[in-house]
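Structure at a glance
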Amino acid sequence: MTTPALLPLSGRRIPTLSPGAASFPHHRATLRLSEKFILLLILSAFITLCFGAFFFLPDNSKHKRFDLGLEDVLIPHIEAPKGAKHLGGQVVIHGQGGHDEHRHSLRDKIRVDHERALQEAKEKLRKSRDELRAEIQTEKSKVVEDLKKKKEVPKPLPPVPMPKVVGVNDGDPVEPDVKEKRDKIREMMKHAWDSYRQYGWGHNELKPLAKKGHSTNIFGNSQMGATIVDALDSLYMMGLHDEFKDGQEWIEQNLDFSVNAEVSVFEVNIRFIGGLLAAYYLSGQEVFKVKAVQLAEKLLPAFNTPTGIPWAMVNLKSGVGRNWGWASAGSSILAEFGTLHMEFVHLTYLTGNPAYYQKVMHIRKLLAKMDRPNGLYPNYLNPRTGRWGQHHTSVGGLGDSFYEYLLKAWLMSDKTDTEARKTYDDAIEAIERHLIRKSNGGLTFIGEWKNGHLERKMGHLTCFAGGMFALGADGSPDDKAGHYLQLGAEIAHTCHESYDRTVLKLGPEAFKFDSGLEAVAVRQNEKYYILRPEVIETYWYMWRFTHDPKYRQWGWEAAQAIDKYCRVSGGFSGVKDVYSSNPTYDDVQQSFFLAETLKYLYLLFSSDDLMPLESWVFNTEAHPLPVLHSSCLVNFCSCLSINH
């Protein structure tokens, strides 16, 4: 005789037999049938008990409490007889004999229910196993259909004036050679998109060598088409309207946020909400706005913490949040909770719901009250206690976009949010004092502050800061506009050196400035390039503000290197060692490659009337959101005052 083993299945244990036990399926079916019969018998016995109680219980005052209102407790669907009324959940009968009539009516009803239940049980037991299965499947399908019908229809969003949208379809360069380069970037975008369309459609990202879908833990276990949402505005700007339409149709038919998936609040905000809002403003298609709002509502539970500082992750279905296990003492990350302002302001503007604006302003006010060591913002903040975690400050990973969004909040408000500008200026002053240094070879770099010590290392992510300094130069205090434009140029030069000193002419993930080495990666796990955009982003901003041709030259060098070393038949892949002439691939086409890297390259070889910076502000995923000019701000402020 074979002894059953216990195997886990979906959190439960079920008995199973060894191979060859042919009677097992039949045994399981018989067991299910027996269980159904026992349950029906128990139900029948319960109904019989209730039925008998009305015949045999003595009719005296001691039992009146049980009798009165029984239909509300046991069978609430029974309507009270004429002459009766409800008081405090009980039925009170008026008129002589009313009570007895009601009791007889109740007995008759129970008798009928009892007989019907017995008849149904007999009919069930006469049916074959296949008939029972078919019936169960029919009932399940009916329940699913009922749930779909009952699904809450979202409230229509209030009509708001559309911000002035300019420079969406322009940008043709005059110079033939520049136009040729821009066309090449468009061809690279089409190769990346077509490969994803063929091999990874609907998945979050693409494995271009394996030619299949790919995802990471920032999107949970869900397939939400991150590449589709991230790429939409790039496709639109490049005039790839058939591809844009394909993406829109997928979003209309398949993008569903009611999934049991734990996602990164930060990543979903900048990629999905930012991408959907940008697609809405560029195309005017309502579906993108509706989807952005649906997702934003799913993120709001992440703010349910003692301090209002959101969790790093939230389950889209349950609303339960938590922080990354590796973060200092359960802390939230500065660059994550500090990179919500742009998108959330636009959400309040479009919905009339002040909650989004209030959430991000609460974060700003809380940070303003806190002490900052040396005027610097540490990267970790505990959402339970409101205290800083490890004193680590970086303008690269963990800190970067917090500073970016302070500046861009001011720009997006048509330069009326002076509080954001002042906070940005104070933060940059402290960063200059403690983190920015010149190497022995004359390269300006931004180090990292760790527990009172400056680490002379700069990450690829930090290279965005050159563009940020240039973007924030106008409006700097004490007539420092020239100083910050020059600082942006110096950072751009340093980051170009990090590219130029590699074999592939692509930059490493991080590079050091000590022990005689400058702008070079030392550790093997810092030598990879994963199609990142930050250096090219800085080239574009510097080109817009200076029109120095070297930035287009540097951008073209990077584009050629990407096309030569990262392009494969199934898309584009990152490489594991930029110092090797024969690098291995990481086999991931990141969604931000289509959202940022290729977009910034396309803008670099376009004229300035494509997405003019007076009218658009790019979020940290390169999704453009319109500046809310004075006419829009009147509507925005009125919505806050009405709903406050």
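Conventions adopted
Residues numbered from 1 in each chain as written. Predicted model: local features only at pLDDT ≥ 70, side-chain atom pairs only at ≥ 80, totals over all residues. Heavy atoms only, no water. Helix = DSSP H or I, 4+ residues; strand = E, 2+ residues; numbered from the N terminus. Buried < 20%, exposed > 50% of the residue type's maximum accessible area, 1.4 Å probe, protein only. Contact = heavy atoms within 4.5 Å. Areas by Shrake-Rupley, 256 points an atom, 1.4 Å probe, with all protein chains shown as cover. Expected span 1.5 Å × (residues − 1). Disulfide = S-S within 2.5 Å. Axes fitted to C-alpha atoms, helices over the stretch in contact; angles between N-to-C directions. Parallel < 35°, antiparallel > 145°, perpendicular 65-115°, else oblique. Left-handed = near helix turned anticlockwise from the far one by under 90°. Nonpolar A, V, L, I, M, F, W, Y, C, P; charged D, E, K, R; others polar. Pairing = 2+ DSSP bridges. Core = buried A, V, L, I, M, F, W, Y, C linked by side-chain atoms within 4.5 Å. Bend = angle between axes of the 7 residues up to and from the residue. UniProt positions renumbered as here; feature names shortened; annotations may be inferred. Phe/Tyr/Trp six-rings, centres within 6.5 Å; stacked < 30°, edge-to-face > 60°. Lys NZ or Arg CZ within 6 Å of the ring centre and 35° of its normal.

Helix and strand counts for the protein stand at 21 helices and 23 strands. The buried share among the 644 residues of the protein stands at 52%. Within the protein, counting contacts between residues at least 6 apart in sequence, those at least 24 apart form 67% of the total. Counting every atom, the protein has about 30300 Å² of accessible surface; 54% of that belongs to carbon and sulfur.

What follows covers helix α14 (residues 400-412). Taking 1.5 Å of rise per residue, 13 residues should cover 18 Å, and α14 covers 18 Å from first to last C-alpha, within 8% of that figure. Of all the 13 residues making up α14, 13 are buried; the element is thus mostly covered by neighbouring parts of the structure. Immediately downstream of α14, the backbone of D414 shows phi near 60°, a positive value.

With that settled, consider the state of the cysteines. Per the counting criterion, the structure on display carries 1 disulfide. Covalent S-S linkage joins C463 and C495, the inter-sulfur distance amounting to 2.0 Å. Its S-S torsion of about -95° marks the bond between C463 and C495 as left-handed, since a negative value means left-handed. You can see C463 sitting in the loop between β17 (457-459) and α16 (465-471) and its partner C495 sitting in helix α17 (residues 481-500), a full 32 residues away along the chain. A relative accessible area of 1% means that C495 is categorised as buried.

Axis angle and axis distance: for two packed helices, these are the angle between their axes and the distance between the axes, and together they describe the pair. Across the interface, helix α12 (residues 341-351) lies against helix α13 (residues 355-369) with an axial gap of 7 Å and an inter-helix angle of 150°. The orientation of α12 relative to α13 falls into the category roughly antiparallel. Crossing hand, α12 versus α13: left-handed. In contact with H341, F344, V345, L347, T348 and T351 of α12, α13 contributes A355, Y356, Y357, V360, M361 and R364. Looking at the contact of α12 with α13, its residues break down into 8 nonpolar, 3 polar and 1 charged.

Strand order in this open sheet of 3 strands is β12-β15-β16, and the pairing throughout is antiparallel. Edge positions in the sheet fall to β12 (392-393) and β16 (453-455), since each has one partner strand and no second. The pairing of β12 with strand β15 (residues 448-450) spans 2 bridges and is classified as antiparallel. Looking across to β15, one finds that T393 is bridged to W449.

The subject of this paragraph is the nonpolar core. Grouped together as the largest cluster of nonpolar side chains are 161 residues, with contacts concentrated most on F272 and F469. Element by element, the count of residues in this core is highest for helix α9 (residues 265-283), at 12 residues. Setting aside its immediate chain neighbours within four residues, F469 contacts Y424, I428, I436, I446, Y484, L487, G488 and I491.

What follows deals with the sheet that holds strand β19 (residues 517-520). Spatially, 3 strands are ordered β17-β18-β19 in an open sheet, and the strand pairing comes out antiparallel. The outermost strands of the open sheet, each flanked by one partner alone, are β17 and β19. Shown here is a sheet whose adjacent strand axes are inclined to one another by a mean of 20°, direction ignored. Pairing analysis gives 3 bridges linking β17 to strand β18 (residues 510-514), with the strands arranged antiparallel. Its bridge partner lying in β18, M458 is registered against F511.

Negative phi is the rule for most residues except glycine; trans is the rule for most peptide bonds. Even without being glycine, D479 reaches a positive phi, approximately 55°. With phi around 60°, D587 is a residue other than glycine that occupies positive phi space. For D587, the location among the structural elements is in the loop between β21 (571-572) and α20 (591-604).

This paragraph deals with α20. For an α-helix the count is 3.6 residues per turn, leaving residues at separations of three or four pointing the same way. Across its 14 residues, α20 extends 20 Å between first and last C-alpha, which sits within 8% of the 20 Å expected from 1.5 Å per residue. At L598, α20 shows its maximal bend, which comes to roughly 25°.

Moving on, we get to the UniProt feature "active site" (unreviewed entry) in the protein. If you check UniProt for "active site" (unreviewed entry), the listed places come out as E267, D400, E509 and E534 in our numbering. Relative to the helices and strands, E267 resides in helix α9. The class for E267 is buried, based on a relative accessible area of 15%. With sequence-adjacent residues up to four places away left out, E267 is seen in contact with I218 and F272. The topology assignment puts E509 in the loop between α17 and β18. On the accessibility criterion, E509 (13% relative accessible area) is buried. Discounting residues that sit within four places of it in the chain, E509 has contacts with G459, H460, E526, Y528, I530 and R532.

The pairing of β18 with β19 spans 3 bridges and is antiparallel. Residue pairing across strands places F513 opposite E518, the latter belonging to β19. Counting the residues in the hairpin turn of β18 and β19 gives 2 residues, including S515, whose phi is positive at 55°.

This brings us to the side chain of H346. Considering the arrangement of structural elements, one finds H346 in helix α12. Judged by its relative accessible area of 0%, H346 is buried. Not counting chain neighbours up to four residues away, the residues in contact with H346 comprise L277, Y281, M412, L625, P626 and L628.

For the rest of this paragraph, the subject is the packing of helix α10 (residues 286-299) against α12. Running from N to C, α10 and α12 point in directions that differ by 115°, and their axes come no closer than 11 Å. In this structure, α10 meets α12 at a crossing whose hand is left-handed. Contacts between α10 and α12 involve K289, A292, V293 and A296 from the first element and L347, L350 and T351 from the second. Looking at the contact of α10 with α12, its residues break down into 5 nonpolar, 1 polar and 1 charged.

All right, on to the packing of aromatic side chains then. Counted by the stated rule, this structure contains 26 aromatic pairs. Between Y499 and Y529, the ring centres sit 6.3 Å apart and the planes meet at 75°, which makes this aromatic pair edge-to-face. With Y499 in helix α17 and Y529 in the loop between β19 and α18 (534-546), this pair connects stretches of sequence that are 30 residues apart. Neither Y499 nor Y529 differs from the other in exposure class; each is buried. Considering the side-chain rings of Y539 and W554, the 5.6 Å spacing of their centres and the 55° angle between planes classify their relative orientation as tilted. Here Y539, found in helix α18, pairs with W554, found in helix α19 (residues 549-565); they are 15 residues apart in sequence, far enough to count as distant. Overall, Y539 belongs to the buried group, its relative accessible area being 1%. What links up through ring pairs into an aromatic cluster is the set Y377, W388, F402 and Y403. Over the aromatic face of W201 sits the side chain of R197, whose NZ or CZ is 4.0 Å from the ring centroid. It is R421 that lies over the ring of W410; its NZ or CZ is 4.6 Å from the centre.

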